[in-house]
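# Results of the structural survey
Each chain is listed here by its residues.
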Amino acid sequence: MDLDDYTIIKEGEAEILMHNKNKVFFNKAQVHNRDLSIAVLRTFVSKRKEEHEARLSRRTKSVQKLSEKDASGSGIEASDRPAVDNEKSNGECEDKVSDKDSLGSLAVEVSNEHAVDGEILNGECEVPEEIKKDKPCSISKEAMKTTERKVQRELEPPRVLEALSASGLRALRYAREVEGIGQVVALDNDKASVEACGRNIKFNGSVAISKVESHLADARVYMLTHPKEFDMVDLDPYGSPSIFLDSAVQSVADGGLLMCTATDMAVLCGGNGEVCYSKYGSYPLRGKYCHEMALRILLACIESHANRYKRYIVPVLSVRMDFYIRVFVRVYSSASAMKNTPLKLSYVYQCIGCDSFHLQPIGRTISKNNSVRYMPGFGPAVAQECSDCGKKFSMGGPIWFAPIHDQEWVTSILEGVKSMKDRYPAYDHISAVLTTISEELPDVPLFLSLHNLCATLKCTSPQAVIFRSAVINAGYRISGTHVNPLGLKSDAPMDVIWDIMRCWVKIHPVKAQAPDQPGSVILAKEPVLQANFARAVASLSKAQAKKVARFLPNPERHWGPKVRAGRQITSKHVSLLGPEAVNGHLNHENGEETEAKRQKTEETEASM
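Described in the following lines is the structure provided in the data block. Each chain has its residues counted from 1, following the order in which its sequence is written. Totals for whole chains, interfaces and linings use all residues, but because this is a predicted model, local features are given only for residues with pLDDT of at least 70 and pairs of side-chain atoms are given and counted only at 80 or more. Side-chain figures throughout are based on the complete set of non-hydrogen atoms in the structure, without hydrogens or water.

## Some thoughts on the sheet that holds strand 9 (residues 252–262)
Let me state the cut-off plainly: Strand pairing is assigned whenever DSSP detects at least two bridges linking the two strands. Secondary structure elements follow DSSP: runs of H or I no shorter than four residues count as helices, runs of E no shorter than two count as strands, and numbering proceeds from the N terminus. In this description, a line fitted to the C-alpha atoms serves as the axis of each element, helices being fitted only across the stretch in contact, and the angle between N-to-C directions of two axes falls anywhere from 0 to 180 degrees. Residue contacts are counted whenever heavy atoms from the two residues lie within 4.5 Å of one another.
With mixed pairing, the seven strands of this open sheet are ordered in space as 7-6-5-8-9-11-10. Because the sheet does not close on itself, it has two edges, and the strands there are strand 7 (212–216) and strand 10 (311–321). Averaged over all neighbouring strand pairs, the angle between strand axes comes to 15 degrees, with direction disregarded. Bridging between strand 5 (residues 160–162) and strand 6 (residues 184–188) involves three bridges; their strand directions are parallel. Across the sheet, Leu 161 pairs through a bridge with Val 185, a residue of strand 6. Contacts from helix 5 (residues 169–177) reach strand 5, strand 6, strand 7, strand 8 (230–235), strand 9 and strand 11 (324–333) within the one sheet, and its direction differs from that of strand 6 by about 180 degrees. Each of strand 6 and strand 7 is contacted by helix 6 (residues 191–203), which is oriented at about 165 degrees to strand 7, the strand it contacts most.

Here you go:
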């Protein structure tokens, strides 16, 4: 190996050797992606340990109480014996014991607690034979000791699968920088990438050699043949992840973490709606909120694939950064909890004349006598024509309607990042993104654009703080969004939003428009709500009040997606790489071609 043909790239604590001929894909801009993933993994490892300790504590208390009952001679009455239902089709058991401290609580965990450990493996639950036969039983000392040994079982280090590894930089950083991590498996179906990954593993020393292993394999086949084996699965493809999702949701262990990136933003944001529907099963709309809608389309797609195997997801963080979106979700197995999926999805009705949009939930529930019935959602959510401007609606979705972040996780991740700022090369960027996410309204899907509202009415735009104050003074909540610096999330209905804008126009009149224009129709109506534009206390978020940076410019020019590995770099790639990089590469190749031709000519002349 000639080191002159390679460039050493250092990121975090990992170093890789990159060939100068673009044989293996590497994108410098993805440092934001990798840093954020490491921050989430550190939080996941910590929370996974806390959850395990909490389960051990509950079970230890159950064992102690049962020991006291057995010692007192009370035993277990036949009338109070635990009744365990048949195994669910998804491989879990449902605890129907009336006394939570009874023997049945030692055998099974309620699936709603999201608590899964080594006692439930490959879809089987360990249930004592006495319970299976539905007979009263007494707890022997031997059985109690066995249960105590199970309770004290240590939590194994989490295993990680990087399904599309390329150079292996991400896998190496996981192994070297995330404390408590176990084995990291790096896959790729390109021979040159696997060779590069193996070379980089050796280049990073003993820690990488002991923890990271590289395989030449199709990620889809590998994940299908290793069901529920990995605590964390990372999907970061060049383009759409849709073809990997079905196998990925099967490979994640119960309670595990699935991390997924999508870079086909033109498709997800409405450029090719029919392609988006074929890949993700949802139709996108081209609104200002299109990037958040892209996040929600991806989440709905992952949930759909998980549901096919009686599993469901719980998002902990969903981010739009640079030129892609990235979601972090936990995957659980439960046939009963899976039924709630229609309550988390909705269709979107977007007015073609103004910025009004409305959401139509797919399902609803009815509670009666401690039972829950699942019913289709009420509709239609809107009339044939927009009540604000009289235009028609475009219909998109279904999208994820439930929260896309877990604010407790976001807070923990942000605190962890701030406490280890020196270990994140992209600290400024990811801390700014996490700060903005921590201040978002978690239960408000999509957002409005103040500039778009004013463009519809052809009026001057109020300052964001004035508009936010008017919404707050009207009794509603409002926040920014990490997706768009000008976006505003609010639980105020659209008629309230337009009333505020009508009151603003009364103070700042506009020129007359054609009567059939959406703005003219909206302003022709008198406002029902009289807006109060006095400065509200909560009109600025804590980060804004402290002038903390929330949206940062790109670190350098031409910061974005790079050329796919193996593709020949030509002058058309100037917008991606910059003229200096392209010209340098072309000159290098031309020089090599000239040298090769010269050598061939000399060989031909010598043979004559």
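## Observations regarding the packing of aromatic side chains
To keep it simple, the criterion reads: Stacked, edge-to-face and tilted are the three classes for Phe, Tyr and Trp ring pairs, Trp counted by its six-membered ring, which pair at centre distances within 6.5 Å; planes under 30 degrees apart are stacked, over 60 edge-to-face, the rest tilted. Classification of residues uses two cut-offs on accessible area relative to the type maximum, computed with a 1.4 Å probe and protein chains only: under 20% is buried, over 50% is exposed, and between them is partly exposed.
Overall, the coordinates contain six aromatic pairs when judged by the stated rule. Note on Tyr 289 and Phe 357: the rings are 5.3 Å apart at their centroids and 65 degrees apart in plane angle, and the pair reads as edge-to-face. On the criterion of sequence distance, the pair formed by Tyr 289 in the loop between helix 11 (273–280) and helix 12 (290–307) and Phe 357 in strand 13 (residues 357–361) is long-range, its members being 68 residues apart. Each member of the pair, Tyr 289 as well as Phe 357, carries the same accessibility label: buried. Summarising the aromatic geometry, the rings of Tyr 349 and Phe 393 are spaced 6.4 Å apart at their centres and angled 85 degrees between planes, so their arrangement reads as edge-to-face. In this pair, Tyr 349 sits in strand 12 (residues 345–351) while Phe 393 sits in strand 16 (residues 393–400), placing the two residues 44 residues apart along the sequence. For Tyr 349, a relative accessible area of 16% puts it in the buried group.

## Considerations on the packing of helix 11 against helix 12
Operational definition: When an angle is under 35 degrees it counts as roughly parallel; over 145 it counts as roughly antiparallel; between 65 and 115 it counts as roughly perpendicular; any other value is oblique. Each residue receives one of three labels: charged for Asp, Glu, Lys and Arg, nonpolar for Ala, Val, Leu, Ile, Met, Phe, Trp, Tyr, Cys and Pro, and polar for the others, Gly being one of them.
Two elements in contact, helix 11 and helix 12, have axes separated by 10 Å at closest approach and are oriented at 30 degrees. Our classification of the angle between helix 11 and helix 12 gives roughly parallel. Contacts between helix 11 and helix 12 involve Cys 276, Lys 279 and Tyr 280 from the former and Ile 297, Leu 298 and Cys 301 from the latter. Of the residues that constitute the contact of helix 11 with helix 12, the class distribution is five nonpolar, no polar and one charged.

## Thoughts on unusual backbone geometry
With an omega dihedral of 0 degrees, the bond running from Gly 379 to Pro 380 counts as a cis peptide bond. Checked against the element boundaries, Pro 380 lands in the loop between strand 15 (371–376) and strand 16. Pro 398 follows Gly 397 through a cis peptide bond whose omega is 5 degrees. In this fold, Pro 398 is placed in strand 16.

## Here's the deal with the pairing of strand 8
Applied cut-off: Note on handedness: a crossover is taken as right-handed if, strands pointing away from the viewer, the path from the first strand over the helix to the second is clockwise.
Burial within strand 8 is extensive, with six of its six residues counted as buried. Taken together, the three bridges between strand 5 and strand 8 define a ladder with parallel strand orientation. Counterpart to Leu 161 in the pairing with strand 8 is Val 233. Chirality of the crossover, the property in question, places the unit of strand 8, helix 9 (residues 242–251) and strand 9 among those that are right-handed.

## Examining the environment of Leu 245
As for its placement among the helices and strands, Leu 245 is situated in helix 9. Separated by 15 residues in sequence, Leu 245 and Cys 260 have C-alpha atoms that sit 8.8 Å apart. Leu 245 has contacts with Leu 235, Cys 260, Leu 298, Cys 301, Ile 302 and His 305, leaving out every residue within four places of it along the chain.

## Notes on the side chain of Asn 307
Applied cut-off: Each polar contact in these results corresponds to two N or O atoms within 3.5 Å; when the atoms are within protein, one needs to be able to donate a hydrogen and the other to accept it, and residues that are neighboring in sequence are counted only if both atoms are side-chain atoms.
Relative to the helices and strands, Asn 307 is located in helix 12. Judged by its relative accessible area of 19%, Asn 307 is buried. Within polar-contact distance, the side chain of Asn 307 engages the backbone oxygen of Arg 311 at 2.8 Å. Filtering out sequence-adjacent residues up to four positions away, Asn 307 remains in contact with Tyr 312, Met 338 and Thr 341.

## A closer look at helix 6
Quick reminder of the rule: One less than the number of residues in a helix, times 1.5 Å, gives the span that helix is expected to have. By definition, the arc is the one covered by directions from the helix axis to the C-beta atoms.
Over its 13 residues, helix 6 extends 18 Å from the first C-alpha to the last, a length consistent with the 18 Å expected when each residue adds 1.5 Å. All of the buried residues in helix 6 are Ser 193, Val 194, Ala 196, Cys 197, Asn 200 and Ile 201. Here the buried residues of helix 6 occupy an arc of 160 degrees about the axis, which is enough to place them on one side. Turned more than 90 degrees away from the buried face of helix 6, the exposed residues are Lys 191 and Lys 202. The elements touched by buried residues of helix 6 are strand 2 (14–19), helix 5, strand 6, helix 7 (206–211) and strand 7.

By themselves, these observations are geometric and do not establish any function.
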